[in-house]
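Descriptive analysis of the structure
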Amino acid sequence: MATSNSLYQRAIDVLKQNDRGTYSLPTHGLYPVQFNWDSAFAALGYRFINQHRAWQEVMQLASSQWPDGMIPHIMFRGDHDGYFPGPDIWNTGQFIETSGITQPPVLASVVRQLDEAGPYRDVNGMYDMLRRLVRWHDWFMKARLDPQSLGIQIIHPWESGRDNLTDWDQGMARVEIADLPPYTRRDLDHVDSSQRPTKEQYDRYLTLVKFGRDRHWPQAYLGQNSPFRMVDPGMTAFLLRANRDLIVLLNKYLPEDTDSIALIQSHINTLELGWLNLWNPKVQAYTAYDPVLQQPIDSVSAASFLSCYASMHNDLHHGHLMDQFDRIANKVKFMVPSFDPEHADFDAKRYWRGPVWHVINNRIGLGFSEVGEHERAERIRKDSEDLIAQSSFYEYFNPITGDGLGGKDFTWTASVYLDWVMQEADHGQD
Ligand code: GLC
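Residues numbered from 1 in each chain as written. Predicted model: local features only at pLDDT ≥ 70, side-chain atom pairs only at ≥ 80, totals over all residues. Heavy atoms only, no water.

We now examine the overall build of the protein. Within the protein, the regular secondary structure consists of 15 helices and 10 strands. Computed over the C-alpha atoms, the radius of gyration of the protein is 20 Å, within 12% of the 22 Å expected from 2.2 N^0.38 for a compact globule of 430 residues. Its C-alpha atoms give the protein principal-axis dimensions of roughly 55 × 50 × 50 Å. Evaluated residue by residue, the protein yields a buried proportion of 62% over its 430 residues. Of all intrachain contacts in the protein linking residues separated by at least 6 positions in sequence, the fraction that spans at least 24 positions is 72%. Summed over its atoms, the accessible surface of the protein is roughly 15,700 Å², and 48% of this surface lies on carbon and sulfur atoms. Taken together, the 40 basic and 56 acidic charged side chains of the protein have centroids lying 2 Å from each other. (Helix = DSSP H or I, 4+ residues; strand = E, 2+ residues; numbered from the N terminus. Rg over C-alpha atoms; globule rule 2.2 N^0.38 Å. Buried < 20%, exposed > 50% of the residue type's maximum accessible area, 1.4 Å probe, protein only. Contact = heavy atoms within 4.5 Å. Areas by Shrake-Rupley, 256 points an atom, 1.4 Å probe, with all protein chains shown as cover. Lys, Arg positive; Asp, Glu negative; His and termini not counted. Charge placed at Lys NZ, Arg CZ, Asp CG, Glu CD.)

Turning our attention to the packing of aromatic side chains. Scanning all chains against the criterion turns up 31 aromatic pairs. Here arginine 53 stacks its cationic end above the ring of tyrosine 46, 4.2 Å away from the centre of that ring. Looking at arginine 215, its charged tip hangs above the ring of phenylalanine 211, at a distance of 3.7 Å from the centre. (Phe/Tyr/Trp six-rings, centres within 6.5 Å; stacked < 30°, edge-to-face > 60°. Lys NZ or Arg CZ within 6 Å of the ring centre and 35° of its normal.)

All right, on to unusual backbone geometry then. Note that the residue after phenylalanine 84, namely proline 85, is joined by a cis bond; omega there is -5°. Within the element layout of this structure, proline 85 appears in the loop between strand E2 (74-75) and helix H4 (87-90). The omega torsion of the bond from methionine 335 to valine 336 falls at 0°, within 30 degrees of zero and hence cis. Relative to the helices and strands, valine 336 is located in the loop between helix H12 (318-329) and helix H13 (358-370). Within the chain, histidine 216 stands out as a residue other than glycine whose phi angle is a positive 65°. Mapped onto the fold, histidine 216 is located in the loop between helix H8 (199-214) and helix H9 (219-225).

Surrounding the ligand, one finds Pro26, Tyr31, Phe35, Trp37, Asp38, Gln103, Gly161, Asp163, Tyr351, Trp352, Phe410 and Trp412. Between the ligand and the protein, one listed contact pairs an oxygen atom with a side-chain N or O atom of tyrosine 31 at 3.1 Å. Considering the ligand on its own, with 310 Å² of exposed area, one finds that the protein chains cover 97% of that surface. (Near = heavy atom within 4 Å. Polar contact = N/O pair within 3.5 Å; in protein donor to acceptor, adjacent residues only side chain to side chain.)

Here we take up the packing of helix H2 (residues 36-46) against helix H15 (residues 411-424). The geometry of H2 relative to H15 is characterised by a closest axis approach of 7 Å and an angle of 35° between their N-to-C directions. The handedness of the crossing between H2 and H15 comes out as left-handed. Here Trp37, Asp38, Phe41, Ala42, Leu44 and Gly45 of H2 come into contact with H15, specifically with Thr411, Trp412, Ser415, Val416, Leu418 and Asp419. Tallied by class, the residues present in the contact of H2 with H15 amount to seven nonpolar, three polar and two charged. (Axes fitted to C-alpha atoms, helices over the stretch in contact; angles between N-to-C directions. Left-handed = near helix turned anticlockwise from the far one by under 90°. Nonpolar A, V, L, I, M, F, W, Y, C, P; charged D, E, K, R; others polar.)

Right, let's get into the pattern of salt bridges. Under the defined criterion, the tally for this structure stands at 33 salt bridges. Between lysine 142 and aspartate 138 there is a salt bridge; the shortest N-O distance is 2.5 Å. In this pair, lysine 142 and aspartate 138 both sit in helix H6 (residues 123-143), four residues apart, roughly one turn of the helix. A relative accessible area of 61% means that lysine 142 is categorised as exposed. Taking the relative accessible area as the measure of exposure, aspartate 138 reaches 12% and is therefore buried. Between arginine 376 and aspartate 326 there is a salt bridge whose closest N-O contact spans 2.6 Å. Pair noted here: arginine 376 is in helix H14 (residues 374-391) and aspartate 326 is in helix H12, with a separation of 50 residues, a long-range link. The class of aspartate 326 is partly exposed, set by a relative accessible area of 28%. Each of Arg112, Glu116, Arg241, Asp245 and Glu370 takes part in a single network of salt bridges with overlapping partners. (Salt bridge = Lys/Arg side-chain N within 4 Å of Asp/Glu carboxyl O.)

Moving on to the side chain of asparagine 164. Considering the arrangement of structural elements, one finds asparagine 164 in the loop between strand E3 (153-154) and helix H7 (169-173). Judged by relative accessible area, asparagine 164 falls into the buried class, the value being 2%.

For H2, the tally of buried residues reaches 11 of 11 residues, placing the bulk of the element in the interior. Of the positions making up H2, those classed as buried are Asn36, Trp37, Asp38, Ser39, Ala40, Phe41, Ala42, Ala43, Leu44, Gly45 and Tyr46.

The subject of this paragraph is the side chain of arginine 204. Structurally, arginine 204 is set in helix H8. Within the structure, the side chain of arginine 204 is placed 2.9 Å from the backbone oxygen of methionine 172, a separation counted as a polar contact. At 2.3 Å, the side chain of arginine 204 forms a polar contact with the side chain of glutamate 200. If sequence neighbours within four positions are ignored, arginine 204 has contacts with Met172, Ala173, Val175 and Ile177.

A few words on the packing of helix H3 (residues 51-62) against H6. At a minimum axis distance of 10 Å, the contact between H3 and H6 shows a crossing angle of 45°. The orientation of H3 with respect to H6, classified from their angle, is oblique. Of the two possible hands of crossing, H3 and H6 adopt the one that is left-handed. Contacts between H3 and H6 pair Trp55, Val58, Met59 and Ala62 from the former with Gly125, Met126, Met129 and Arg132 from the latter. Grouping the amino acids of the contact of H3 with H6 by side-chain chemistry returns six nonpolar, one polar and one charged. (Parallel < 35°, antiparallel > 145°, perpendicular 65-115°, else oblique.)

For H8, spanning 16 residues, the distance from its first C-alpha to its last is 22 Å, which sits close to the expected 22 Å at 1.5 Å a residue. For H8, every residue scored as buried is listed here: Gln201, Tyr202, Asp203, Arg204, Tyr205, Leu206, Thr207, Leu208, Val209, Phe211 and Gly212. Where H8 is buried, its residues meet H4, H7 and H9. Just past H8, the residue histidine 216 takes up positive phi, approximately 65°. (Expected span 1.5 Å × (residues − 1).)

Here's what the structure looks like:
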C-alpha cells in the first residue's frame, strides 16, 4: 500500500506526464487527444500545481465551441498519433478539428470551483467563458431535450461518457450496422479486450458516427432522429447541477444580463421536472428512459445516485434511494460500481458495466456531503482512496477485488485524488 505522501507526488507526476502545455490528455498512449469532461476534471487537479494552468485548461476547452453552441467531446489538437476514430472519420468541418457529439456538462461546475479557489485574472476572459456556458447549456435544451420525459438524451453512447453501460443495450440493439470500411481499433493495442467494448458494439458506435457525418451534423435533427436515442439520468443531473452553478457565476459577474439568468433559471425548472420524471417505481430509483418506446430502463446505475449532486434530494424518494445505495454497498468492497452488482449483466471488469470510476465517485460524494449524507459520502471517499493506494492511478477499478483496469496513469483519477480524495481526508502534504 502506498502512503498518502508518495501518492501526492505520484498524482502530480501523472498530471505532468499528460500535460501538453495548454491542454491535457486523459492518458498518453490510449487517449492522445483532449476530451471534454476529462479536461474539466484535469483543471481541478491542476489548481494544486498552478492555478493559471487550471484556468488555461478550461479556457482551451470552451474555445472549441461550435457556432451552434455545442462544446464537443473530443478536440484533436497537436499530434494525435493516429487516434481512432480520428478527425477524417468525424469530418465535422470545424475550425478546430473535433468529434461531432458532446459529453457530460461538468465544465460550469468546475469553473465555479476554480473561481472559489482563486478568480481568473482576466475578467473579460471570464465573461467570455460564461457566455459560452450559457450558449452550451441552451444548446442542450434545443438539441438534446426529450420533449416527453424532459430529461436529456444522448444520441451516441459516447456522449454519456459512460460508453458501454448496460442501460444503452436496448437502444443499441435497434441500430442496424452500416456497411463500414474495414478499420483497426487502436484501444486494443493498449488495453486487454476483456476490459473494453466488444467488436459488435464498436461497429454500432461507428454506424452512429456515419449517420451524423453523412448529414453534416445537424444537431437538433440528430436529437430527434438519431438511430440511437436514450434519456440519460447522468446527463440530466450533470446539466441541472451545472445550471445551478452557472446562475451563481452569472449573478456574481454578469448580474445585468438578466436575460441569460432568466433563461438558465427556466432550464433549471424544466430539468427539475425531467429528473423527477426519471423516477422508476418498479426499481425504486432514478433510471434511464427509452424515448422511442417511451418506457423506463429497469436497472440501477451509479448515475441514479446523482440526485443529491443535482439538489433533488428533498422528495419522498430520497430514503428509497439511500436503501438502494446501502444494498449495493453490501455487495461490493469498493463503492460505487458503475452498474448494479446484483443485475445479471453486471461485469466487474468491463468498462462501464460494473467498474468504479473516480470522477463519478467524486460527484456523488460531493452531493452526498452537501445534503448531510456524511457517512455514505465518507464510504465513497475512503473506498476511492483505498483503490488508489492498492492499485495506483488507473482509469477504472474492479469493485470486488480493487484491481486497476484500463489505462494507467490517468489524469482524472490523479486530479480527483488531489482535489477531493486527499483533501477531504485532511492528510495534507506532510
Ligand atoms: C472513455 C470514457 C469517457 C472518457 C474517455 C477519455 O471513452 O468512457 O468517459 O471521457 O474515455 O478518458
